[in-house]
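Remarks on the overall topology
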Amino acid sequence: MSWTIKTLKKYFDLQFKDMDKSVKIAKKLMNSRLKGMNHIHRQLVKQNKTFVTKTELQLRDQKIEMLQKLVYIGFGICIALEVFINILFKK
């Protein structure tokens, strides 16, 4: 096929028209994907607010350590009382 200015114009007009259609389709797909990503992002931000902070976790750990110490003191008192009672009643 020999190309003339008229045929080249038709050919490139058709190519540009096809490219415009492709760009519109790609734009719609990209917008759809971005909407989905934005939805996921909003969910993650919302979920992130429910996570415990480092400070809260450290405070909880301190409370647990204090309770452990109290339990150990209580065990120590119980053992001391048991030894004391055994000494009193064995005589």
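What you see is a predicted model, and the numbers here were worked out from it, not measured in a lab. (Residues numbered from 1 in each chain as written. Predicted model: local features only at pLDDT ≥ 70, side-chain atom pairs only at ≥ 80, totals over all residues. Heavy atoms only, no water.)

Description of the pattern of salt bridges
Under the criterion given, the structure shown has 2 salt bridges. A salt bridge links Asp61 to Arg60; the nearest nitrogen and oxygen atoms lie 3.4 Å apart. (Salt bridge = Lys/Arg side-chain N within 4 Å of Asp/Glu carboxyl O.)

A word on the packing of aromatic side chains
How two aromatic rings sit relative to each other is set out by the distance from centre to centre and by the angle between their planes. Using the criterion set out here, one finds 3 aromatic pairs in the structure. Relative to Tyr11, the ring of Trp3 lies with its centre 5.3 Å away and its plane at 65 degrees, an arrangement referred to as edge-to-face. Owing to a relative accessible area of 47%, Trp3 belongs among the partly exposed residues under this scheme. Relative accessible area serves as the criterion here: at 37%, Tyr11 is assigned to the partly exposed category. Relative to Phe12, the ring of Tyr11 lies with its centre 5.3 Å away and its plane at 75 degrees, an arrangement referred to as edge-to-face. Grouping aromatic residues by their ring pairs yields a cluster made of Trp3, Tyr11, Phe12 and Phe16. (Phe/Tyr/Trp six-rings, centres within 6.5 Å; stacked < 30°, edge-to-face > 60°. Buried < 20%, exposed > 50% of the residue type's maximum accessible area, 1.4 Å probe, protein only.)

So yeah, pure geometry; function would need other evidence.
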